[in-house]
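# Structural features, examined
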Amino acid sequence: MSLIFYYSPQSSATPIHWTLEELGIPYEKVHIDLKAHQNKQPAFLKINPNGKVPVIVHDGVAIFESAAIQIYLGEMFGVEKGLFPAPGPKRGEAMKWIVWCNVSLGEAAGRYARNTASWVPAEQHNAKAAEAAKVEIDGLMRMLNDAVTERKYLLGDSFTLADLHLTSWMSYLPMMGVDLSPYPAIAPWVTRCTERPACARGD
């Protein structure tokens, strides 16, 4: 088996790095320097035309988009490790949360950041769009808070790659100006997840 992981630290590649460490499978790391625009070089664009990390190349097949990679690794390697459900409703539940993270939460957080962040020119900020995004994020975070209030982990009593994927995003939201204190169940859940030894190994 050949598995190559293209990544940059402190990016959306972080949850995939953590996942690979949790799975304990052999892989090769290739650091892509985003500041040097290595992600826009022809050699990398042949692997991912989107010009983004993360990407894995498994036995010669390139897979990009972090949610897709997470689900793929879960299906390929996570079931026997107890980190991803076998086919059935529980797997659907895991997929639901992973996709929700990228599509629902990720889109709202990105919209908020684009209209508030210092790295976006002030003349491009839209206060009404930022406020609408903030309201949407609040609703989504309350939904997540309720889910981990009722259960130890998202799918029940056992940690899965769904917990890993969402937990990785919780460190980025405060950087975007999102206050997590109104959601009291989230911090203990994040702690339960990030105390796992593999978390420290996967930047």
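Refer to the preceding data block for the structure.
A short tour of the structure in this document, coming up. (Residues numbered from 1 in each chain as written. Predicted model: local features only at pLDDT ≥ 70, side-chain atom pairs only at ≥ 80, totals over all residues. Heavy atoms only, no water.)

Quantified by volume, the largest pocket comes out at close to 1,200 Å³. S11, S12, V53, W169 and M176 are the residues nearest the centre of the largest pocket, which is lined by 30 residues in total. For the lining of the largest pocket, the elements supplying multiple residues, two or more each, are α3 (66–78), α4 (89–114), α6 (161–170) and α7 (172–175). Looking at the lining of the largest pocket, the element that brings in the most residues is α4, giving six residues. A class-by-class count of the residues in the lining of the largest pocket yields 14 nonpolar, 13 polar and three charged. Within this model, the second largest pocket holds a volume of roughly 200 Å³. (1 Å grid on protein atoms, 1.4 Å probe; cavity = no way out; pocket = protein on both sides within 12 Å on 5 of 7 lines; lining within 4 Å. Points joined across faces, edges and corners; volume = space filled by probe spheres on them. Helix = DSSP H or I, 4+ residues; strand = E, 2+ residues; numbered from the N terminus. Nonpolar A, V, L, I, M, F, W, Y, C, P; charged D, E, K, R; others polar.)

Moving on: the pairing of strand β4 (residues 61–64). Side-chain direction in a regular strand flips from residue to residue, so the side chains alternate between the two faces of the sheet. Bridging between strand β3 (residues 55–58) and β4 involves four bridges; their strand directions are antiparallel. Bridge pairing in β4 places V55 opposite F64. (Pairing = 2+ DSSP bridges.)

Turning to helix α8 (residues 186–194), its buried residues number three or more, namely I186, W189, V190 and C193. With its buried residues spanning 100° around the axis, α8 presents them on a single face. For α8, the elements touching its buried residues are α1 (14–23), α5 (127–150) and α6. (Buried < 20%, exposed > 50% of the residue type's maximum accessible area, 1.4 Å probe, protein only. Arc of directions from axis to C-beta. Contact = heavy atoms within 4.5 Å.)

Next up on the list: the side chain of H17. Mapped onto the fold, H17 is located in helix α1. Those residues in contact with H17, other than ones at most four positions away along the chain, are F5, Y27, K29, R201, G202 and D203.

This part covers the sheet that holds strand β1 (residues 3–7). With mixed pairing, the four strands of this open sheet are ordered in space as β2-β1-β3-β4. With partners counted over all chains shown, the strands left at the sheet margins are β2 (28–31) and β4, one partner each. The mean inter-strand angle of the sheet, taken between neighbouring strand axes irrespective of direction, is 20°. Packed onto the sheet, α1 meets β1, β2 and β3 and runs at close to 150° relative to β1. (Axes fitted to C-alpha atoms, helices over the stretch in contact; angles between N-to-C directions.)

This part is about unusual backbone geometry. Note: most residues except glycine have negative phi, and most peptide bonds are trans. The amide bond that connects V53 to the next residue, P54, takes the cis arrangement and shows omega of 5°. Topologically, P54 is positioned in the loop between α2 (42–47) and β3. Positive phi is not limited to glycine here, since D59 has a value of about 50°. Looking at the secondary structure, you find D59 in the loop between β3 and β4. Positioned with a positive phi, E65 is a non-glycine residue whose angle comes to about 80°. Structurally, E65 can be placed in the loop between β4 and α3.

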